[in-house]
Amino acid sequence: MKRFFRFFRFVRFVSLLFMIIFLGVNLAYGYRIQFSKEKWADFAIRGQLFYFNMDKRSKDVDYRQNYFEMTEAEFYVKGQINKLVQFFTQWECYYKPYKLSGKKRDDSTKAYMKETGVNLVFRPEFMIRFGRQRIPVSRYHQRSDYKKLIPTDYFYRYDIHGVFKGKVNKYLNTKETCLQIRHPGVTVFGYLFDGMLEYHLGLFNQPNNNPSDWNPKGKKGEGYKGVRRTVRLVFTPTWLGYKPEKSIKGTRGDSYLGKRDVFNIGIGYSREEIWDDLDNDMFAIDGIWEKRLGKDHRYVPMLQWGFIYSKDSHYDYHNGEYGNKKKDSQYWWVAGQFLYNKFVGYGRPAIGARFEQMNADDAYNNKDLTSNRISIALNYFIKGYSAWLAVGVDHVWYTDGAKEYLLAHDKQRNMTDFYTYFQFKF
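Residues numbered from 1 in each chain as written. Predicted model: local features only at pLDDT ≥ 70, side-chain atom pairs only at ≥ 80, totals over all residues. Heavy atoms only, no water.

A. View of the overall build of the protein chain. When helices and strands are counted, the protein chain shows three helices and 17 strands. Here the protein chain holds 426 residues, and 55% of them are scored as buried. Considering only contacts within the protein chain whose residues lie at least 6 apart along the sequence, 65% involve residues at least 24 apart. Within the structure as shown, the protein chain displays about 19300 Å² of accessible surface, and the carbon and sulfur contribution to it stands at 60%. (Helix = DSSP H or I, 4+ residues; strand = E, 2+ residues; numbered from the N terminus. Buried < 20%, exposed > 50% of the residue type's maximum accessible area, 1.4 Å probe, protein only. Contact = heavy atoms within 4.5 Å. Areas by Shrake-Rupley, 256 points an atom, 1.4 Å probe, with all protein chains shown as cover.)

Given below as structure tokens:
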């Protein structure tokens, strides 16, 4: 109860602070330069800022942190040279002084090219995208970093103790293998039957079998052989009035915030060699439904779900030794938002929630590793995603073998974090 009142006192203070700031700031969407009827470019500068109140991470060291974090600052351009050639480039600089474990980062400031590519638009049914891009396997891989209904990230970043980052079972490194969302490659994609069927066929780099590294079982990697093969199909019931989702970069948002209705179901597959003798097959299925309801479309509910099955993601691990049995992992989530699509004060309010779970079979002493997270966010869209304020809570808890591992190392297996978030796009 004490934490409950502490959280709402904090929310009241920060809400007042941002209201004062908004009185003197005019935020707008990105700018377009129209060179000709066919030639144009959209420019945007965007950023994300957090205030975290982080829960204790360990019994022997108090990792509780209260700090501000400038998560991302980006420069982004997309455009069209003519009817055949489109392009996009996205550069990011982030400042993250602490890991979500509460420990300081070695690379607190970093600038890098996030995505860059070109589209060759031959026909709506046949297009080619080349460059560093989103891997078209699941909606998770295609998600937009600036159109999330829950501001804090999915899956691996909220694996606070690094259970799924190779610390417990070296083979199990989800970020570097099956949950990596960007790679250089080429994708053939298009829309068939007036958009009822959307397809993606991709070939990407396969960087996870490094010939210079020895794997945990003492065998040298065989090198960067082959490519990662991917396929994704999305079905949209166009006969019900729904239209397919489209993006120059291939990204997808969690919500369209009352601008349109959307309903589709997607399936995906990927195959990649991630260690020697581990040929990881990944299967995905997901769906989204968002509908404007009521007079003047003032009520907008959204539901989203997804499941990713990662076959042969790691080896079994018992008493400090790796076995020869190939094991699988599963990742799934369900999320929703209810938006009141009318202005209340300076913006439109919404409430969003998501539950997600990561599970790896037999990855620690004959037990599965499991991480769970439930998130709730109170969203306030002042001007869509271009000016968005949120306050929320994330509750993370580890179970099964992960619980056993954390208790043995004097780490907390249950954590509750509060945050305030602001996003801008100009």
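Here the narrative resumes, following the displayed structure.
B. Quick look at the packing of aromatic side chains. By the definition in use, this model includes 28 aromatic pairs. Look at phenylalanine 43 and phenylalanine 75: their rings are 6.5 Å apart centre to centre, the planes differ by 40°, and that puts the pair in the tilted class. You can see phenylalanine 43 sitting in strand E2 (residues 40-53) and its partner phenylalanine 75 sitting in strand E3 (residues 66-80), a full 32 residues away along the chain. Phenylalanine 75 sits in the partly exposed class, given a relative accessible area of 40%. A ring pair is formed by tyrosine 269 and phenylalanine 283, whose centres lie 5.2 Å apart and whose planes are at 45°; its orientation type is tilted. Taken together, the positions of tyrosine 269 in strand E10 (residues 262-275) and phenylalanine 283 in strand E11 (residues 278-290) put the pair 14 residues apart, joining distant regions of the chain. (Phe/Tyr/Trp six-rings, centres within 6.5 Å; stacked < 30°, edge-to-face > 60°.)

C. Highlighting the pattern of salt bridges. Inspection of every chain in the model, using the stated rule, returns 30 salt bridges. Salt-bridge contacts for glutamate 198 lead to arginine 252; the nearest nitrogen and oxygen are separated by 2.7 Å. Residue glutamate 198 is located in strand E8 (residues 197-204), and its partner arginine 252 is located in the loop between strand E9 (228-235) and E10; the two are separated by 54 residues in the primary sequence. In this structure glutamate 198 comes out as buried when scored by relative accessible area, which is 3%. (Salt bridge = Lys/Arg side-chain N within 4 Å of Asp/Glu carboxyl O.)

D. Seen up close, unusual backbone geometry. In this structure, phenylalanine 193 is a non-glycine residue whose phi angle is positive, near 55°. Summarising the element assignment, phenylalanine 193 is placed in the loop between strand E7 (182-192) and E8. Of the residues examined, phenylalanine 193 reaches a relative accessible area of 57% and is grouped as exposed. Residue aspartate 296 is not a glycine yet carries a positive backbone phi of 60°. Aspartate 296 gets classed as partly exposed once you look at its relative accessible area, which sits at 47%.

E. Layout of the pairing of E7. Bridge count between strand E6 (residues 126-134) and E7: eight bridges; the pairing is antiparallel. Note on E7: the bridge partner recorded for methionine 127 is phenylalanine 189. Note that E7 and E8 share eight bridges and pair antiparallel. Within E8, the position partnered with valine 188 by the bridge is leucine 201. (Pairing = 2+ DSSP bridges.)

F. Region of the structure containing the nonpolar core. Ranked by size, the top nonpolar core spans 56 residues in total, and within it Tyr140, Phe155, Val163, Leu179, Ile308, Leu369 and Tyr398 carry the most contacts. At five residues, strand E14 (residues 348-364) tops the list of elements feeding residues into this core. Here phenylalanine 155 is in contact with Tyr140, Leu179, Tyr331, Trp332, Trp333, Glu356, Gln357, Met358 and Arg373, once residues within four sequence places are set aside. (Core = buried A, V, L, I, M, F, W, Y, C linked by side-chain atoms within 4.5 Å.)

G. Representation of the environment of serine 270 within the structure. Mapped onto the elements, serine 270 comes out in strand E10. When its relative accessible area of 1% is taken as the criterion, serine 270 is described as buried. Between the alpha carbons of serine 270 and arginine 229 there is a distance of 5.6 Å; along the sequence they are 41 residues apart. Dropping the residues within four chain positions of it, serine 270 is found in contact with Val137, Arg228, Arg229, Thr230, Asn280, Asp281 and Met282. At a separation of 2.7 Å, a polar atom in the side chain of serine 270 contacts the side chain of arginine 228. (Polar contact = N/O pair within 3.5 Å; in protein donor to acceptor, adjacent residues only side chain to side chain.)

H. Spatial organisation of a nonpolar patch on the surface. Taken together, the side chains of Phe235, Ile265, Ile267, Ile285, Trp305, Phe307, Trp332 and Val334 make up a nonpolar region of the molecular surface, amounting to roughly 640 Å² of accessible area. Listing elements by their share of the nonpolar patch, those giving two or more residues are E10, strand E12 (299-318) and strand E13 (321-340). Note on placement: tryptophan 332 falls in strand E13. The partly exposed category is assigned to tryptophan 332, whose relative accessible area is 31%. (Patch = residues over 30% accessible without salt bridge, like charges linked within 9 Å, V, L, I, M, F, W, Y side chains within 5 Å.)

I. Highlighting the pairing of strand E16 (residues 387-400). As defined by bridge partners, strand E15 (residues 367-381) adjoins E16 across 13 bridges and the pair is classed as antiparallel. When the bridges of E16 are listed, alanine 377 appears paired with glycine 392. What sits between E15 and E16 in their antiparallel hairpin is a turn of five residues, with glycine 384 showing a positive phi close to 55°. Pairing geometry for E16 and strand E17 (residues 414-425), over 11 bridges, is antiparallel.

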